[in-house]
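Coordinates in review
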Amino acid sequence: MSKRTAAEADQKHDKQNRHSKRQRIEELSANKLTPLASNQGEVSSGRQLQRLLIFEQGTTAELRSGIQTFKTFLDSILYPPDESDAPRKRAILREYLDLQKQKWHADEDTIFLPNLMQAWAYAAETNYEQLLSAVTAVLALLLKVLSRDLDFREYGISLGKTVLQYSQAKHFSSSLSAPNNKEFIISPSLRLLTEVVSFDGGVLAKQVYSKRDFVLDARTLARNLSLWKDQSDRKFETARKPSIRTNAVRYLLHHLKYQDEGAKIDILKQGNVVRALFEHIWTDPPALAVEILDIVKKHVFLDKSIPRKSKARVLTERNLASIASLYKNQSADESLPEQQKLPSVAAHEFLLFVCTSPEMGIMLPCSGWYPPGTEKDGNQEVNSERDHGIIDVGLDSIGRYDRKVPVRNTILAEFAQTLRPYGSIMEQELLLAILKSSPELVADYFFRKASFAFDPKLTATWIGYSAFLFSAVQLPIPLFLGRQSAYGDSPPPTSIVIESILPQPLSQKVLTRCLNQNSDLVTFFAVRILTVAFQKLQKVLAEFKRALVEKSPLWEQASKRLITEFQLRCPQMSTIITAFRNTSSGNLMQREAVTRLLTLYYKVIPQAALNEKFDVSLPLATALAFTENSEELSEDRELRLFELENLVQIARYSPNMRWWQKPESLPHSPFITLLKLMITITRESSYVGIRDLLLSVVRDHGIFQQETTPSSVDALIASLRNTNQPVSDEVFEFLDDCCGRFVKRPIKYQDDLDEMLVANLEEPLNRTGPFSLIWMTLIEQWAYKASVESKATSAAPLAIWLSRLLFLLKKVGEDETLLLRVSEALVQTSSKTHHAVLKNALRPQGKEWAEELLQINPGKDSADNEVEGADKSPTAEQSELNILAVDLEIPPVEDENHPGLNRWRQKEIEESIEHGDIGGLLLCLCSRHVEIRLQAVTNLRQLIVKVESAKNPELDQLALLLGEVVETCRMMIDTTPLPYVAGVFAARAVTILADPTHEVFPKLNKFLNKGPVWDVEKIPPYMAENIIRKEPYEDDGYHREVDWLLDYLIDCLRTAEDMEIFRAKSIFERILGFYASPSCWFKMKEKILRLLFRAAAVGGSTTLITRSGLLSWIQAQIAVKDGHETMLKKLASRLYQTCDQAKVGEWSNGGVKHVLDGICGNPVGNVQY
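Residues numbered from 1 in each chain as written. Predicted model: local features only at pLDDT ≥ 70, side-chain atom pairs only at ≥ 80, totals over all residues. Heavy atoms only, no water.

Under an unreviewed UniProt entry, the name given to the protein chain is Ribosome biogenesis protein Urb1, and the source organism is Lepidopterella palustris CBS 459.81.

See below:
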């Protein structure tokens, strides 16, 4: 290597020491390496500070010491150890700044704090890094102190403008781009710029951005955002000594927070900066990670002035994956302040927001299950084909997507593949939300995840992925399957639809292995996911059917192809039958689930189900035996009934069911056993299902006629009911034997009927009405029973039952002439002891029980509404009403202890809802004591905070309800109580919102979305209008909705103020009009009368008589004889006793009392309650 020349050496020396004329002395070099101790003297005046901060090139050591003293002084102001001494120190600081201000003028080139600025320039030019770092740090600290006090605003602005002058701003460029190991130079510069940007709410932010060439270089900022500390160093990072990345992040966030939309758009264009911001977010302290997401959400995505395109630049696949890394990189050892979100929770909320909101730029509008490119209107397609003479090739023209499906939301599609729904509940929720908002991604996701090994193993991964698949199948069907406003002419591709019903990972092989596992959990999962898949297939086929009515026949072909494709993926029914047989009788939940799945096989794919020979007789008999003999707990019995309902449904479809063969485990045949169960059953769904089954069996075999309403089966069930004592087993044995004989030889008994019609040749009978052919078998077997009667085997129970059945069949409308001939035939073959019972069977005297028994109906026939006609008739005897005392419906009295104020605090929110504690708190708003009302409002606000902090989406509607109640009563609670029409409504709404299956749930949600403040007086008319006069959301939910409405009206009518609301809004006119409608059932009429009694109890009698004409209405209803005559008479008497009799007498000119005497039949005052 050659020796350097003197010129080369001098040239390199000049580069290292720019001021070649002035050599660096030894003391300066030493000072650069060794920090000097700060002057520990107490600062007592501004002059002292001025002297300490005087800059001269030969006294840099003293300047550094003075800067350290100044820093300590500023720290004592910012973090005062003694609050009482803080004003004195601020006064000293003001004195110092005033001294500097004397030298400063308003000119743009004038420099504020010239000594520090000269020192800063000197340090930058001479590479005096220790002094450069000290000056920059103390300027940042000074600006931070000035920003805390409004009195220092002028000084802060002056300092900020000085820092941003060209002579000073150029120093930032070299400081920010210093080598990575020069943290002590980079961090103070970032802190100083952060303080300048944020000073006084961003007043200098524009000026900072104007110097972006020096202070906001994209490459330099991206590099600084990447200088994070590794895991071993992060524990040393504190709030007082953050890393370069932390300072750079805060600097960038302050720009996003305080800059205008133009500057923010320019910043967002710097892809390397945005990428660096999110790429290492998992390394940030938890509080900083949360702050990043909150500020980007609030000041970028919620800023409507920023265009959608600019927002989309932030949400690249790489950035989304970086944010999602917070799900699995959460440091458990880092403490968080109170009310601080976890980074994983903040990331979850952020990703849910940006991935499911079309305005955020990443989620593009899609066409549901239709691939991109098929958005063209179907009618245009058909017309185009006709115009060009294209041949219709059916479903083959739609296309098939087996391995790949095109999507519009490509970024979301790629991001979805990176999520782990099996490893994190929040990632699972996010993925499901993405698939729900962009249905086109469902098929794409499962096409690309087809290789995921889903062999049945009880591991955490398998269980997590199983839960995800279960939820994915339950995703809703897109409106119009993805079209905009109506169904298209062509259906979506079957290969895409099937992925939303039974995804590829759930292949027939995998599901069969799951069903054959020894683990009950694995088997139960397979059964449940197949159940929801069948249910979703039903809904999709219903959508196809609706589209078929409106559009082309391609939809019918698509339905058949979809069923075929589904059958290729679901297990064979024989596998389900084997799983059912292998399930122990004690595993009630699994047995119920498997039987429900078998029912769906028969309903949805009956061709495949009927190919399997499944004899349901034995399982049904076993279930019936358990129902009859079991003394299980109520929960177990409910599960048994559910299983029985499913088996009953299977029996309806199964051609192999042996209804009349008596199994060994039962005393009677399955048909008679179900008939016995009908007598004692109370559950509505069970009643309807079993009754429908009995009707279908009877219809198939022609045992009873099906022409009347109520049906003959209803009469049979009513004849077996006995309010006094149970029907004898001999009756069931006799009926079982007769039905079995009839089924074996029905033609023989038809011949017997023909013989009976012409038995009297002089007067042959003409069959003019319906008649049950089973009577011929009953006559035949009764003759045998009556002939072998003995003391041990009395035929009296049979005779009584036959007479009851005769009369009930007459009541339902069977041919009375034929029934009379049956009665005569029964009398002829019976002993004298039974003559009177059978001969008087058709006489109505003393048979008031018949109407009651015919009306005992827990359910409603959903198929032919036969029972509905019975429900509309009275269900109680007149004599029963004469005995029962009438409830005067006195409103409840306010509890002076008001336990509702505090009970909710002692329980979890869900438990408080269940026990009515939140409802009790809401009713405190109706208290007559202003103190109680004010406490209730305060407690409601605290409850809202508790509900919102729970972060439970199921409680969002509750928070909305409580917020609206608080807003409604805020202006009036100091002077008047909240009317009970609002308080009771809110209390009842709490329980409804906790149960989404409640019949009033949709209408209540619609009401809550009307506005943040309620018009209290409009609540009763709104609910009455939307329930009585509008269609229910469920086909069979109308009467349940009306029943809820009447309960609410009775409960909320407690004061005269409530009565005035009812009067002003014509509530009584609406309800009285509904009373006379055919859809008003007996029990509903009783509740309406209870409402009128409540109105009389709160002082509304005069209004009802004079304004609503209630006495004339009562007269009309008594004339109708609807079974409430006694209650109506007592209501009339109650109204007169509680009204203003003088006013009513004057109004009626003395005629009211005579009307009442005519209604009640005795003097008004003698009526007893």
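Moving on, there is more to tell.
Looking at the overall build of the protein chain
Counting its regular elements, the protein chain contains 63 helices and zero strands. Within the protein chain, the fraction of its 1169 residues that count as buried is 52%. Partitioning the contacts of the protein chain with sequence separation of at least 6, the portion at a separation of at least 24 is 74%. (Helix = DSSP H or I, 4+ residues; strand = E, 2+ residues; numbered from the N terminus. Buried < 20%, exposed > 50% of the residue type's maximum accessible area, 1.4 Å probe, protein only. Contact = heavy atoms within 4.5 Å.)

Some thoughts on the environment of Pro1032
Within the secondary structure layout, Pro1032 lies in the loop between α54 (1019-1028) and α55 (1038-1052). Residue classification places Pro1032 among the partly exposed residues on the basis of a relative accessible area of 22%. The residues contacting Pro1032, other than those within four sequence positions of it, are Lys1003, Gly1037, Tyr1038 and Glu1041.

Observations concerning helix α9 (residues 166-176)
Listed as buried for α9 are Gln168, Ala169, His171, Phe172, Ser175 and Leu176. On an axial view of α9, the arc spanned by its buried residues comes to 145°, and they lie on one face. (Arc of directions from axis to C-beta.)

Here's the deal with the nonpolar core
Counting 265 residues, the largest nonpolar core has Phe70, Leu93 and Trp775 as its most contacted members. The biggest single contributor to this core is helix α29 (residues 520-550), with 14 residues. In contact with Phe70, not counting residues within four places along its chain, are Leu49, Leu53, Leu93, Tyr96, Leu116, Val138 and Leu142. Grouped together as the second largest cluster of nonpolar side chains are 100 residues, Ile944, Ala982, Met1084 and Leu1128 included. (Core = buried A, V, L, I, M, F, W, Y, C linked by side-chain atoms within 4.5 Å.)

Focus on a negative patch on the surface
Residues Glu908, Glu910, Glu911, Glu914 and Glu954 make up a contiguous surface patch of negative charge. Looking at Glu914, the relative accessible area reads 66%, which means it is exposed. (Patch = residues over 30% accessible without salt bridge, like charges linked within 9 Å, V, L, I, M, F, W, Y side chains within 5 Å. Areas by Shrake-Rupley, 256 points an atom, 1.4 Å probe, with all protein chains shown as cover. Salt bridge = Lys/Arg side-chain N within 4 Å of Asp/Glu carboxyl O. Lys, Arg positive; Asp, Glu negative; His and termini not counted. Charge placed at Lys NZ, Arg CZ, Asp CG, Glu CD.)

A word on the environment of Val698
Note on placement: Val698 falls in helix α37 (residues 684-701). Judged by its relative accessible area of 1%, Val698 falls in the buried class. Considered as a pair, Val698 and Phe671 are 27 residues apart in the sequence and their alpha carbons are 9.6 Å apart. Not counting residues within four places of it along the chain, the set of residues in contact with Val698 comprises Phe671, Ile703, Phe704, Gln706 and Val713.

Examining a nonpolar patch on the surface
Taken together, the side chains of Leu458, Ile463 and Leu521 make up a nonpolar region of the molecular surface, amounting to roughly 270 Å² of accessible area. Within the secondary structure layout, Ile463 lies in helix α26 (residues 460-473).

Observations regarding the side chain of Asp284
Within the element layout of this structure, Asp284 appears in the loop between α17 (271-279) and α18 (286-301). At 2.7 Å, the side chain of Asp284 forms a polar contact with the side chain of Arg245. (Polar contact = N/O pair within 3.5 Å; in protein donor to acceptor, adjacent residues only side chain to side chain.)

Some points on unusual backbone geometry
In the segment running from Thr709 into Pro710, the intervening peptide bond is cis, with an omega of -5°. By the element assignment, Pro710 lies in the loop between α37 and α38 (712-720). With a phi close to 60°, Asn127 is a non-glycine residue in the positive phi region. Tracing the sequence through the fold places Asn127 in the loop between α6 (114-126) and α7 (129-148). For Lys951, which is not glycine, the phi dihedral falls at a positive 55°. Within the element layout of this structure, Lys951 appears in the loop between α50 (930-949) and α51 (956-969).

Description of the pattern of salt bridges
Under the counting rule described, the total for this entry stands at 40 salt bridges. The partner of Glu824 in a salt bridge is Arg821, and the shortest N-O contact between them spans 3.7 Å. On the criterion of helical spacing, the pair formed by Glu824 and Arg821 is a turn pair, its members being three residues apart in helix α43 (residues 816-828). Salt bridges sharing partners connect three or more residues here, namely Asp85, Arg88 and Lys89.

A word on the state of the cysteines
Following the criterion strictly, the structure yields zero disulfides and no others. For Cys739, which is in no disulfide, the shortest distance to another cysteine sulfur is to Cys738 and amounts to 7.0 Å. Take Cys926: it sits in no disulfide, and the sulfur closest to it among the cysteines is that of Cys924, at 8.8 Å. (Disulfide = S-S within 2.5 Å.)

Notes on the packing of aromatic side chains
A complete count under the given rule lists 30 aromatic pairs for this structure. Taking 5.3 Å as the distance between ring centres and 75° as the angle between the ring planes, the aromatic pair formed by Trp462 and Phe525 counts as edge-to-face. Of this pair, Trp462 sits in helix α26 while Phe525 is found in helix α29, placing the two residues 63 residues apart along the sequence. Feature note: the residues Phe985, Phe1007, Trp1014, Tyr1022, Trp1044 and Tyr1048 constitute an aromatic cluster, connected by ring pairs. Geometry around Tyr370 places Arg483 over its ring, the cationic atom sitting 4.0 Å from the centre. (Phe/Tyr/Trp six-rings, centres within 6.5 Å; stacked < 30°, edge-to-face > 60°. Lys NZ or Arg CZ within 6 Å of the ring centre and 35° of its normal.)

Digging into the packing of helix α21 (residues 343-356) against helix α24 (residues 425-437)
Helix-helix packing: each pair is described by the crossing angle between the helix axes and the interaxial distance. Running from N to C, α21 and α24 point in directions that differ by 5°, and their axes come no closer than 9 Å. By the criterion of interaxial angle, the relationship of α21 to α24 is roughly parallel. Of the residues in α24, those in contact with Ser344, Val345, His348, Leu351, Leu352, Cys355 and Thr356 of α21 are Met426, Glu429, Leu430, Ala433, Ile434 and Ser437. (Axes fitted to C-alpha atoms, helices over the stretch in contact; angles between N-to-C directions. Parallel < 35°, antiparallel > 145°, perpendicular 65-115°, else oblique.)

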